[in-house]
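Residue strings, one per chain:
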Amino acid sequence: MSVTVRSTPNIALIKYWGNKNNELRLCAAGSTSMTLNTPSVDVTIDHAETLAVTSRNKEMKERDIARFEKTLQLTKNYLSSLGYDDALPASLNISIESGIPPSIGLASSSAVFSALAKAISELIDADLTDEQISVMARLGSGSAARSIFGGFGAIRTADGEGIDSSVGWQIADEHHWPLHDIIIVPSTDEKKIGSTEGHAKAQSSPHFADRIKAIEKYRLQDCIDAILQKDFEKLQAVAEEDCMDMHECMQTQNPALHYLSEETFRIIGEVKELRESEHLPVLYTMDAGPTVHLFCTNEARERVAAFAHAQASCTIFEATVGPGSHIV
Ligand code: PMV
């Protein structure tokens, strides 16, 4: 019996960057995000003797397969720790149908690995909580722990290096606050250094420790409060501060990672002018790529979408809040 799960990217508002344990993807600090309703990926899994991973729109390289293999091994270990020894079959047939361009800062891995974790929990018929499924998702991609949840997700960290010491949780569901994410993709070239490699070097930035302190001291809580209070101005201030702070860390780590392009800076400059002149509730945020995410409220959606579609040679996606990983 095969199982198919649909998942979508989540876009971080307080960014996850750096681990306290790279092997287990234990996040160095907490983070928050909004789960999108589109674009989506469908992951179908079935029992198999040996691992097979196929994707309709991405050539699976050896290192991609190795990542799935490692994720499955760690998932087995985690399930054993929960008392589900031998619950996973010998291996899996994993088939991916994705509408998300990979490696451009559109969080495709968060969708794929959250779908895989949710599908595994269905296939083995284990009675797992969403938080436990989020731990399995995190083993493949840290940010995937947040895509299990609809609406506004988060990751919290606990002391120690237990496999479940970074856990996803839900701040508010998809009916809480109908924000939009208008996504401007200036380039669909794949980035050269992916986030897995980048996380592993984050601590080489002289800025890293201050970044973690700021998140723990006030940023994470300010962001959660802004979401719960639906306070857009507060969300804008804290999300933009944290985004630029993460990129400062990336740019000062060794080797330096420059994910933002000239186009990114031009677009955010114009967004600032636009919101000042037209008093628009819109904020910008970027992940590990030049893609600009413009979060806005209902009242600003049309104007922000018109701005996005006026950008020459950019691909535009329009998304709103989504329901999280679910069976189809
Ligand atoms: O989950 P990963 O390993 O793809 O890391 C995601 C890192 C960022 O997208 C840059 C930030 C985040 O919190 O999603």
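Heads up: the structure comes first, above all this text.
Along each chain, residue indices are assigned from 1 in the same order as the chain's sequence is written. Where local features are concerned, this predicted model is filtered to residues with pLDDT of at least 70; where side-chain atom pairs are given and counted, the filter is 80 or more; whole-chain, interface and lining totals use all residues. Derived side-chain values reflect all non-hydrogen atoms in the structure, with water molecules and hydrogen atoms excluded from consideration.

Participant: Looking at this model, I keep getting lost on the overall build of the protein chain. Mind explaining?
Facilitator: Comment: elements are numbered from the N terminus, with helices defined as DSSP H or I runs of at least four residues and strands as E runs of at least two. A count of helices and strands for the protein chain gives nine helices and 15 strands. In terms of C-alpha radius of gyration, the protein chain reaches 19 Å, essentially the compact-globule figure of 20 Å for 328 residues. Burial classes: relative accessible area under 20% of the type maximum marks a residue as buried, over 50% as exposed, and values in between as partly exposed (1.4 Å probe, protein chains only). Each of the 328 residues in the protein chain was classed as buried or not, and the buried ones make up 58%. By definition, residues are in contact when any of their heavy atoms lie within 4.5 Å. Partitioning the intrachain contacts of the protein chain with sequence separation of at least 6 by distance along the chain shows that 75% fall at a separation of at least 24. The protein chains shown are the only cover counted for residues, whose accessible areas, like all others here, come from Shrake-Rupley with a 1.4 Å probe. Total accessible area computed for the protein chain in this model is approximately 13,600 Å², and 46% of it derives from carbon and sulfur atoms. Restricting the calculation to C-alpha atoms gives the radius of gyration, and the globule rule supplies 2.2 Å times the number of residues raised to the power 0.38.

Participant: What's the story with the nonpolar core in this structure? I'm lost.
Facilitator: The tendency in soluble globular proteins is for nonpolar side chains to be buried side by side. Side-chain atoms within 4.5 Å are what join buried Ala, Val, Leu, Ile, Met, Phe, Trp, Tyr and Cys residues into a set we call a nonpolar core. Of all hydrophobic cores here, the largest spans 83 residues; its most connected members are I45, F68, I94, I120, F152 and L235. Here this core gets nine residues from one element, more than from any other, and that element is helix α2 (residues 108–123). Those residues in contact with I45 that sit more than four places away from it in its chain are M1, S2, V3, L92, N93, I94, L116, A119, I120 and L123. If you look at the next biggest cluster of nonpolar residues, it comprises 22 residues, including I182, M286, C296 and F307.

Note that all results are geometric; they support no functional claim without further evidence.
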